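# Structure assessment
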Amino acid sequence: MKTRITELLGCEYPIIQGGMAWVAEHTLASAVSNAGGIGLIAGGSAPIDYLREQIRLCKEKTDKPFGVNIMLMSPNADDLAQLCIDEGVKVITTGAGNPGKYMAAWKEAGIKVMPVVPSVALAKRMEKSGADAVIAEGTESGGHIGENTTMCLVPQVVDAVEIPVIAAGGIADGRGMAAAFMLGAEGVQIGTRFLASEECQIHPTFKELVIKAKDTDNIVTGRYTGHPCRNIKTKFAKKLATGEKEGTLSPEEFEQLTVGALRRAVVDGDVDSGSFLCGAISGMVNEIKTCADIVKEINDGAEKLLKI
Ligand code: TUI
């Protein structure tokens, strides 16, 4: 399907892989780009040398366009933002904040910038500061989330801006992509489906949790810290949620327990103290496939439905 997003990014399909912190490294990103979508490497809170290496390794594995996600709460976001310019990154997505202060430099460098927005207000602000597209991310997404749902947020953002809108949150197959297009989106960002891909480098325990998850197996924790996160409902996540709800865990104690928890999930597969960030659609993800199969199936499924 050709849209303003495929034209803007120079890719075959308007499918962008989510910039999942600790998860989205060069093997996954290059596989998605080689499949015709746009792979992303997560800047997360990564040390600058790590991100530089990942960008260079990705370039070795694909000659297709790929991007970097900058998590704006990261203490070294300024350095990562500059690194992307120095390394000739073509596409940047941002999350967890307002990237306004980097916009001029990124545009000057010819980078296509697509901020994640959880609201119409931020979408409008991003359009004014020169964003090429916005990613309207609903609360169905994994990880750090806003309040509004994909179904409600996407059409409102589409009505509010002229630039193309990419829908994110709760999309994992052709039906979800077609639905997003019916709401006016011209692309989709997909995270959870790629967790269960062959090329995704997360711990096998994480993949198994995603595949086994049912519709009710995810939970939002940390609302009282100001950084709510959607996770797989493990015993650890339930313990956090109960402590938050019953007031037996202070926000400070919560922060202490969750420092390093993404790494413990992704690298160690540690179900006792890791946070397995994952979207609400995980109940529908039941099989590990290659990124090429995932991208093609989602695109072909949507195309078929939209042509009816
Ligand atoms: O950023 C994400 N998802 C993430 S980031 C992450 S790492 C993390 N670890 C622990 C605590 C928090 C984060 C895991 N998952 N998605 C994009 C996203 N952006 N969701 C929500 C937002 C957002 C929120 C507020 C974007 C902009 C915003 O603007 C506030 C402002 O300054 O106007």
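Summarised in this report is the structure supplied together with it. Predicted model, so just to flag it, every value in this text is computed and none were measured.

What counts, and at which threshold
- Residues numbered from 1 in each chain as written.
- Predicted model: local features only at pLDDT ≥ 70, side-chain atom pairs only at ≥ 80, totals over all residues.
- Heavy atoms only, no water.
- Axes fitted to C-alpha atoms, helices over the stretch in contact; angles between N-to-C directions.
- Helix = DSSP H or I, 4+ residues; strand = E, 2+ residues; numbered from the N terminus.
- Parallel < 35°, antiparallel > 145°, perpendicular 65-115°, else oblique.
- Contact = heavy atoms within 4.5 Å.
- Nonpolar A, V, L, I, M, F, W, Y, C, P; charged D, E, K, R; others polar.
- Core = buried A, V, L, I, M, F, W, Y, C linked by side-chain atoms within 4.5 Å.
- Buried < 20%, exposed > 50% of the residue type's maximum accessible area, 1.4 Å probe, protein only.
- Domains from an automatic or database assignment.
- Near = heavy atom within 4 Å.
- Polar contact = N/O pair within 3.5 Å; in protein donor to acceptor, adjacent residues only side chain to side chain.
- Areas by Shrake-Rupley, 256 points an atom, 1.4 Å probe, with all protein chains shown as cover.
- Phe/Tyr/Trp six-rings, centres within 6.5 Å; stacked < 30°, edge-to-face > 60°.
- Pairing = 2+ DSSP bridges.
- Salt bridge = Lys/Arg side-chain N within 4 Å of Asp/Glu carboxyl O.

Here we come to the packing of helix α11 (residues 235–246) against helix α12 (residues 251–258). Where α11 contacts α12, the axes come no closer than 10 Å and their chain directions differ by 170°. Accordingly, the angle class assigned to the pair α11 and α12 is roughly antiparallel. In this structure, α11 contributes F236, L240 and E244 to the contact, and α12 contributes F254, L257 and T258. Across the contact of α11 with α12, the residue classes tally to four nonpolar, one polar and one charged.

Once that is clear, we can look at unusual backbone geometry. With a phi angle near 70°, W22 is a residue other than glycine that sits in the positive phi range. Following the sequence through the fold, W22 ends up in the loop between β1 (15–17) and α2 (26–34). Notably, A96 is not glycine yet its phi reads approximately 60°, a positive angle. Along the chain, A96 falls in the loop between β4 (91–95) and α5 (100–108).

So, about the nonpolar core. In terms of nonpolar packing, the biggest core is built from 72 residues, with I15, I70, V134, M177 and F194 touching the most fellow members. When residues of this core are assigned to domains, at least three fall in each of domain 1 (4–200 + 285–306) and domain 2 (214–277). Not counting the four nearest positions on each side in its chain, I70 is found in contact with A77, L80, A81, C84, I92, T93, T94, G95 and W106.

Taken together, 15 residues form the shell around the ligand, and within it A96, G97, L122, E137 and H144 come nearest. Contact distances for the ligand include 3.2 Å between a nitrogen atom and a side-chain N or O atom of E137. About the coverage of the ligand: the protein hides 72% of its 710 Å² of free accessible area. Looking at the shell around the ligand, the elements with two or more residues in it are α6 (120–128) and β7 (143–144). Classifying every residue of the shell around the ligand gives seven nonpolar, six polar and two charged.

Another aspect to go through is the packing of aromatic side chains. According to the stated counting rule, one finds three aromatic pairs in the structure shown. Residues Y224 and F254 carry aromatic rings whose centres are separated by 5.6 Å and whose planes lie at 85° to one another, so their mutual orientation is edge-to-face. Of this pair, Y224 sits in the loop between β10 (218–221) and β11 (229–232) while F254 sits in helix α12; the two residues are 30 residues apart in sequence, bridging distant segments of the chain. For Y224, a relative accessible area of 28% puts it in the partly exposed group.

Now for the environment of D270. As for its position among the elements, D270 is in the loop between α13 (261–266) and α14 (291–307). The sequence separation of D270 and C84 amounts to 186 residues, and the corresponding C-alpha distance is 32 Å. Apart from residues lying up to four places away in sequence, D270 is in contact with R264, A265 and F276. A polar contact is formed between the side chain of D270 and the backbone nitrogen of D272, at a distance of 2.9 Å.

It is worth spelling out the pairing of β11 at this point. Two faces, one strand: in a regular strand the side chains alternate between the faces of the sheet. One ladder, built from two bridges, connects β7 with β11; its direction is antiparallel. Bridging from a neighbouring strand, G143 pairs with R230 of β11. Judged from the four bridges that link them, β10 and β11 form a sheet pairing that is antiparallel. By the bridge assignment, I219 is partnered in β11 with N231.

When the charged atoms of two side chains lie near each other, side chains of opposite charge can form a pair. Going through the model one piece at a time under the given rule, you end up with 13 salt bridges. In this structure, E186 and R4 form a salt bridge, with 2.7 Å as the shortest nitrogen-oxygen distance. With E186 in the loop between α8 (174–182) and β9 (187–190) and R4 in helix α1 (residues 4–9), this residue pair connects regions lying 182 residues apart in the sequence. By relative accessible area, which is 17% here, E186 ends up buried.

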